[in-house]
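Next come the chains, spelled out residue by residue.
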Amino acid sequence: MLKTLIKLRILEMFSGLRTKSGRSLGVAGMIILFFFAGLSLLFLFGTMAFALILGLAATDYKWLFFGIMAILSFMLSFIGTVFMTKQQMFEAKDNHALLSMPIKPRDILISRVLSIGIMDYALCLLIAFPFGIIYAIFGRFTISGALFYILGVILIPLVALAFSIFLGWLIAALSNKFKYKNFVSLVFSTIFLGIYFYFCFSWQDRIEDLVNHGEEVAQVLSKYLPPVYHFGNAAANGSLLSFIIFALICIVPFVIALVIVAKNFVKIITTERGVAKIEYKGGEMKSSSAFSALSSMELKRFTSSSMYMLNAGIGLLFVLFLSILALVKKGELLTVLNEIGPFADYIVPVMIAALLYLSSFTIISSATISLDGKTLWIPKTLPIEEDKVLFAKAFPHISISLPVMIVSSLILEFLFSASFISRIMLVLIPAVVTVFNALLGVIINLNVPKFNWINEAQAVKQGMAPFLAMILSAVPAVLFALLAVLFGVTGIISMDVYLIIYLLIAVLGTYLQYRWLSRKGALKFRRLQNN
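Residues numbered from 1 in each chain as written. Predicted model: local features only at pLDDT ≥ 70, side-chain atom pairs only at ≥ 80, totals over all residues. Heavy atoms only, no water.

It is worth spelling out the overall build of the protein chain at this point. What the protein chain contains, in helices and strands, is 22 helices and zero strands. Residues classed as buried in the protein chain amount to 47% of the 531 residues present. Put simply, the protein chain shows about 26800 Å² of open surface, and 71% of that area lies on carbon and sulfur atoms. (Helix = DSSP H or I, 4+ residues; strand = E, 2+ residues; numbered from the N terminus. Buried < 20%, exposed > 50% of the residue type's maximum accessible area, 1.4 Å probe, protein only. Areas by Shrake-Rupley, 256 points an atom, 1.4 Å probe, with all protein chains shown as cover.)

Tracing the backbone shows Glu 298 in helix H11 (residues 290–303). With a relative accessible area of 3%, Glu 298 lands in the buried category.

All right, on to the confidence of the model for the protein chain then. Reading fine detail from the predicted coordinates is not recommended where pLDDT is low. The pLDDT averaged across the protein chain works out to 79; a share of 75% of its residues lies at or above 70. Within the model, the stretch residues 19–26 combines pLDDT values under 50 with 14 contacts to residues more than four positions away or in other chains. (pLDDT = per-residue confidence, 0-100. Contact = heavy atoms within 4.5 Å.)

Time to look at a nonpolar patch on the surface. Together, Phe 166, Leu 240, Ile 244, Leu 248, Val 252, Ile 256 and Ile 260 make up an exposed nonpolar region whose accessible area comes to about 580 Å². Per-element tally for the nonpolar patch: the top contributor is helix H10 (residues 240–270), with six residues. Topologically, Leu 248 is positioned in helix H10. (Patch = residues over 30% accessible without salt bridge, like charges linked within 9 Å, V, L, I, M, F, W, Y side chains within 5 Å. Salt bridge = Lys/Arg side-chain N within 4 Å of Asp/Glu carboxyl O.)

Tracing the sequence through the fold places Leu 99 in helix H4 (residues 95–99). When the C-alpha atoms of Leu 99 and Val 266 are compared, they prove to be 8.2 Å apart, with 167 residues separating the residues in sequence.

It is worth spelling out the nonpolar core at this point. General note: in soluble globular proteins, nonpolar side chains tend to be found buried as a group. Membership of the largest hydrophobic core comes to 58 residues, with the highest contact counts inside it found for Phe 65, Met 69, Phe 131 and Tyr 149. When contributions to this core are tallied by element, the ones reaching two or more residues are helix H2 (27–56), helix H3 (63–90), helix H5 (105–138), helix H6 (143–177), helix H8 (214–224), helix H9 (226–237) and H10. One finds Phe 318, Val 319, Met 425 and Val 433 within the second-largest nonpolar core, a separate group that totals 33 residues. (Core = buried A, V, L, I, M, F, W, Y, C linked by side-chain atoms within 4.5 Å.)

Right, let's talk about the side chain of Ser 77 for a bit. Looking at the secondary structure, you find Ser 77 in helix H3. The class of Ser 77 is buried, set by a relative accessible area of 0%. If sequence neighbours within four positions are ignored, Ser 77 has contacts with Asp 120, Leu 123, Cys 124 and Ala 160.

Our next topic: helix H17 (residues 386–413). Every α-helix carries 3.6 residues per turn, so stepping three or four residues along brings you back to the same face. Compared with the 40 Å implied by 1.5 Å per residue over 28 residues, the 40 Å span of H17 between its first and last C-alpha is a close match. Maximal helix bending in H17 amounts to about 35°, located at Ala 394; proline Pro 396 follows within four positions. (Expected span 1.5 Å × (residues − 1). Bend = angle between axes of the 7 residues up to and from the residue.)

The next subject is the state of the cysteines. Considering all chains together, one arrives at zero disulfides under this definition. Lacking any disulfide linkage, Cys 124 is separated from the closest cysteine sulfur, that of Cys 250, by 9.9 Å. Judged by relative accessible area, Cys 124 falls into the buried class, the value being 1%. For Cys 250, a relative accessible area of 1% translates into the label buried. (Disulfide = S-S within 2.5 Å.)

As for its position among the elements, Ala 290 is in helix H11. Expressed as a C-alpha distance, the spacing of Ala 290 and Glu 385, which sit 95 residues apart in the sequence, is 9.7 Å.

This next bit is on the packing of helix H18 (residues 420–447) against helix H22 (residues 495–527). In the contact formed by H18 and H22, the axes pass within 9 Å of each other and the chain directions differ by 25°. Classified by the angle between their axes, H18 and H22 sit roughly parallel to one another. You can see that H18 and H22 cross each other, and the crossing is left-handed. Of the residues that constitute the contact of H18 with H22, the class distribution is 23 nonpolar, six polar and two charged. (Axes fitted to C-alpha atoms, helices over the stretch in contact; angles between N-to-C directions. Parallel < 35°, antiparallel > 145°, perpendicular 65-115°, else oblique. Left-handed = near helix turned anticlockwise from the far one by under 90°. Nonpolar A, V, L, I, M, F, W, Y, C, P; charged D, E, K, R; others polar.)

This next bit is on the environment of Phe 129. Relative to the helices and strands, Phe 129 resides in helix H5. A relative accessible area of 52% places Phe 129 in the exposed class. Counting along the chain gives 24 residues from Phe 129 to Val 153, while the straight-line C-alpha distance between them is 9.3 Å.

Following both chains from N to C, one finds helix H15 (residues 347–359) and H17 inclined at 155°, their axes separated by 11 Å at the closest point. Judged by the angle between their axes, H15 and H17 are roughly antiparallel. Pair H15 / H17 crosses with right-handed handedness. The residues of H17 that touch H15, namely those facing Met 351, Leu 355 and Ser 359, are Met 405, Ser 408, Ser 409 and Leu 412.

As a further point, take the pattern of salt bridges. Scanning all chains against the criterion turns up seven salt bridges. Across the pair Lys 393 and Glu 298 runs a salt bridge whose closest N-O atoms are separated by 2.7 Å. Taken together, the positions of Lys 393 in helix H17 and Glu 298 in helix H11 put the pair 95 residues apart, joining distant regions of the chain. When sorted by exposure, Lys 393 lands in the same class as Glu 298, which is buried. Measuring nitrogen to oxygen at the nearest pair gives 3.2 Å for the salt bridge that ties Arg 301 to Asp 372. You can see Arg 301 sitting in helix H11 and its partner Asp 372 sitting in the loop between H15 and helix H16 (377–381), a full 71 residues away along the chain. When its relative accessible area of 4% is taken as the criterion, Asp 372 is described as buried. Sharing partners across several salt bridges, the network here consists of Glu 298, Arg 301, Asp 372 and Lys 393.

Here it is, written out as structure tokens:
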């Protein structure tokens, strides 16, 4: 049974590559996406490793090179899987169904731990591989050092997995004690992502500081983070004693975490906490239209899932971060604008292109049909036109994204001088494209739904529709940038005229999608089946 459960978990991880008919759809596209994403990360961490080895190769602190690698590997693996652990181990919707079957709880736990462990190892290798290659070329491994490095890379994900299990359990327990438990999960997620992105954007400065103060950093790490020192010493100097100490530090917490959770697994996943007790007090009943009710239901589904909000709405965080950062760095931005002279006339198109690109990461509407799952019959049997059902599914995307885009655009308005038309376009173009992307997500999901999910995370993170929505939503940004460069270089028309033309193109595209959903989309939804 354990082998069957493990096989099912692995198939779930790749279930987004298949449609409900079982045919591989867009496998090549997914492979290309993962290939370039992996290649980008390998290049990023390879650049970090190269900068580190240049500064540490001639010092007595080569172990620090591997210590930094261990810290980065742990952080990426931990941040990448802690909420996956919470969702798939402690809050999976098939937990109760599996417990009702003649399956040992231990087997359920092990299968989930192994599936999460696969992700931990994949993330760890994204850092360990380029660091190992760079050191082999510029630092030169000893035979024992290379062996301990490989074995250490195998052990590091165990520590990340142990912390993921403990913190995932803690977040699940804490969030269940609060009325707005999904808000608690969202706060934790945002904090971790903020730390991660802060490091990604500032890694060059951090590496320079680290190299310039290598001795001080080495002393602090060796004193307060002995596992980091022992791993570095084992890989750089081939120390057997350091490797044994490091191995114990990795294995013991993992075993303890596994034993504790195994003994309490059934209790953890079957205990319902923080359930709000509602007392009916009467009062006047409020009625609303069917469209309003459906729109509210879709919005509530989005706001009631921290996983959904974080994965489908992360583009909104990017947009807010850009606008706030621009406001904070206003002085530096104005200095740059003064230096580039005539190119300052193109600052509005640059800002619009940035907003459009970052907004492409917001894919809220791309999973609204898939999330209906086995309850698809409910909206199909309601006394409401099919096109209104589809527009209601675009409502969360529009109602949440539009205010963020408008506020961000208004913030950017205060950073520079521009023509009246450019200022108006800075608000209108992102707003129209937001509606365009919302309708696009529904259209894509209508054509490529995923109903055979066990956990909502599969529909949001592993479905083909969200993947396609993220790719195709970037088209308006890319088209805008290419046309801006073309007209800017040739000077055929002014930027103000171009912005007006692009706005009209965006409005036309939005209207065509609206018409398609009203007619062909409604017919397609009427014929849609979830089996």
